[in-house]
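# Fold and contact review
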Amino acid sequence: MNRLEAFNEYRSLLFAIAYRMLSSVSDAEDIVQEVWMRWQGVEGEIQSPKAFLSKLATHLCVDHLRAARVRRERYVGSWLPEPLLTSQTSDFVDQAELAESLSLAFLTLLDCLSPTERAVFLLRGVFHYTYTDIAKILSKNEPNCRQIFRRARQHLDLHKQNHSSATPEQESLVEQFLEYWNQGDAEALIALMAEDVTFWGDGGGKVVAVRYPLRGRFKVAHFLTAIRRSRLLPTFTSQVLPVNGQLGIVNSADGNLHSIFSFGFTNQRISAIFAVVNPEKLRLAVDE
């Protein structure tokens, strides 16, 4: 197997790791391209291309996250991951566990981890690398990797907001949500939401969006119906599509993406709505 064949075999895995590490489609694609450039320059025979390529991608992602933390502090309003429109046949969302790790609720939760904790948790908890392999990838010993994984799980449990991944029954709530939202029926929307539902809007200072999270189903429902009635916003059409491994709502205006909504659930109610409006995060929201 030559270098190109080896890279193509693991390219989707590299993107899957990088996207979950960085929560950014564009940055993940840049990482994959950088891995390819470095892979071409490696001399000698590599016994395990998968391990070597994973190590390259992970180290690049950790370095990128450390630099991004400084930029994130200057971000205007709430920061949300870049959404990814996904098909049900996508290579890295065809398993329920991988799909769960792709949701915006999960990716947002990962922000409480340090770059190294995030790498260890994803490699072990999502992609099922052995501790031996993780130790080699991160140039650490196995006991240290086990300790980092335990610490990461503790941090996630501490920050967990009780949003579950979507079941088919819960995803039907998204279709009902869109129906009632189109009708401007605030009371019907309220019935779909948990009492403490939270709405996050990410405009990045580029477009109008809520600067701080809205909490409570009455406040969120009336805000959403006000959007439909507002003359200050463009008239947009909405459709239910797979977003980050589960159903979401894609809003378009004049043939262009306007915003993407993703959801978190608690039991049979919507408990979180993540609205990405920042146009820079919508440019690459396409099937990978």
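That block above? That's the structure.
Residues numbered from 1 in each chain as written. Predicted model: local features only at pLDDT ≥ 70, side-chain atom pairs only at ≥ 80, totals over all residues. Heavy atoms only, no water.

### What to know about the pairing of strand 1 (residues 193-202)
The buried count for strand 1 comes to 8 of 10 residues, which makes it a mostly enclosed element. Pairing of strand 1 with strand 2 (residues 214-215) involves 2 bridges; the strand directions are antiparallel. Counted as the bridge partner of F199 is L214 from strand 2. (Buried < 20%, exposed > 50% of the residue type's maximum accessible area, 1.4 Å probe, protein only. Helix = DSSP H or I, 4+ residues; strand = E, 2+ residues; numbered from the N terminus. Pairing = 2+ DSSP bridges.)

### A look at the packing of helix 6 (residues 115-126) against helix 7 (residues 131-138)
Direction vectors running N to C along helix 6 and helix 7 enclose 145°, while the axes themselves pass 10 Å from each other. In this structure, helix 6 crosses over helix 7, and the sense of that crossing is right-handed. Taken together, the residues of helix 7 that come into contact with helix 6 (itself represented by A119, V120, L123 and R124) are Y131, I134, I137 and L138. Of the residues in the contact of helix 6 with helix 7, the class split is 7 nonpolar, no polar and 1 charged. (Axes fitted to C-alpha atoms, helices over the stretch in contact; angles between N-to-C directions. Left-handed = near helix turned anticlockwise from the far one by under 90°. Contact = heavy atoms within 4.5 Å. Nonpolar A, V, L, I, M, F, W, Y, C, P; charged D, E, K, R; others polar.)

### Observations concerning helix 8 (residues 142-159)
Between its first and last C-alpha atoms helix 8 spans 26 Å; for 18 residues at 1.5 Å apiece the expected length is 26 Å, and the two agree. Those residues of helix 8 that sit buried are C145, I148, F149, A152 and L156. Each buried residue of helix 8 lies within a common arc of 100° when the element is viewed along its axis, so the set occupies one face. Opposite the packed face of helix 8, turned more than 90 degrees from it, sit the exposed residues P143, Q154, D157 and L158. Buried residues along helix 8 sit against helix 5 (104-109), helix 6 and helix 7. Capping of helix 8 at its N-terminal end is provided by N141; its side-chain oxygen lies 2.7 Å from the backbone amide nitrogen of N144. (Expected span 1.5 Å × (residues − 1). Arc of directions from axis to C-beta. Polar contact = N/O pair within 3.5 Å; in protein donor to acceptor, adjacent residues only side chain to side chain.)

### Overview of the packing of aromatic side chains
Counting across every chain of the model gives 13 aromatic pairs. A cation over an aromatic ring shows up here: K50 above the ring of Y129, its NZ or CZ 5.3 Å from the ring centre. Against the face of W181 rests R228, its NZ or CZ located 3.9 Å from the ring centre. (Phe/Tyr/Trp six-rings, centres within 6.5 Å; stacked < 30°, edge-to-face > 60°. Lys NZ or Arg CZ within 6 Å of the ring centre and 35° of its normal.)

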